[in-house]
Amino acid sequence: QVQLVESGGGLVQAGGSLRLSCAASGSIGSINVMSIYVMGWYRQAPGKQPELVAGITRGGITNYGDSVKGRFTISRDNAKNTVYLQMSSLKREDTAVYYCTAGNGVSLSSSYLPYWGQGTQVTVSS
């Protein structure tokens, strides 16, 4: 089994920056952990549907949601099985619970992502 543990959420003023981290772990030598191909972030604001924020493959190919392009940067350390989300120029509408996710395939569709973190709250104040 794979566990995803997020950190870095919190309260920030509009225009500020925040960095989220997510580490994947499992039993030593876990095939599931070693075979993770895509990692990424979804977010869900109150009363709204979950939306993809960003994703990255093991090879470093990235994909961003339209609302965060140019402001957020996703990166990954394969040796540490960790993905990062650097968020800049934050807006109030970025307020949401951010969920780390990972999968063994190429798709970033939530239906194909078996591993999810517990979520971390990001609140942007005006």
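Look up: the structure comes first, before these words.
Reference entry: report on the structure contained in this document. (Residues numbered from 1 in each chain as written. Predicted model: local features only at pLDDT ≥ 70, side-chain atom pairs only at ≥ 80, totals over all residues. Heavy atoms only, no water.)

**Details of the overall build of the chain**
Move 1: Scanning the chain from terminus to terminus reveals one helix and eleven strands.
Move 2: Its helices and strands taken in sequence order, the chain reads β-β-β-α-β-β-β-β-β-β-β-β from the N to the C terminus.
Move 3: Here the chain has a C-alpha radius of gyration of 14 Å; the compact-globule value for 126 residues is 14 Å, and the two agree.
Move 4: Principal-axis analysis of the C-alpha atoms places the extent of the chain at approximately 45 × 25 × 25 Å.
Move 5: The buried share among the 126 residues of the chain stands at 43%. (Helix = DSSP H or I, 4+ residues; strand = E, 2+ residues; numbered from the N terminus. Rg over C-alpha atoms; globule rule 2.2 N^0.38 Å. Buried < 20%, exposed > 50% of the residue type's maximum accessible area, 1.4 Å probe, protein only.)

**Notes on the state of the cysteines**
Move 1: Counted according to the given criterion, the structure contains one disulfide.
Move 2: Cys22 shares a disulfide with Cys100; S-S distance 2.0 Å. Residues Cys22 and Cys100 are joined by a disulfide whose S-S torsion is about -80 degrees; by sign, that bridge is left-handed. Taken together, the positions of Cys22 in strand β3 (residues 18–26) and Cys100 in strand β9 (residues 96–103) put the pair 78 residues apart, joining distant regions of the chain. (Disulfide = S-S within 2.5 Å.)

**So, the packing of aromatic side chains**
Move 1: One pass over the full model with this rule turns up one aromatic pair.
Move 2: Stacked on the ring of Tyr84, the Lys or Arg Arg19 has its end atom at 4.2 Å from the ring centre. (Phe/Tyr/Trp six-rings, centres within 6.5 Å; stacked < 30°, edge-to-face > 60°. Lys NZ or Arg CZ within 6 Å of the ring centre and 35° of its normal.)

**Observations regarding the pattern of salt bridges**
Move 1: Per the stated rule, a full pass over the model turns up four salt bridges.
Move 2: Among the ionic pairs, Asp94 bridges to Arg43, the shortest N-O distance being 2.9 Å. With a gap of 51 residues between them, Asp94 in the loop between β8 (82–87) and β9 and Arg43 in strand β4 (residues 38–44) connect regions that are remote in the sequence.
Move 3: Here Arg43 falls in the buried class, since its relative accessible area comes to 4%. (Salt bridge = Lys/Arg side-chain N within 4 Å of Asp/Glu carboxyl O.)

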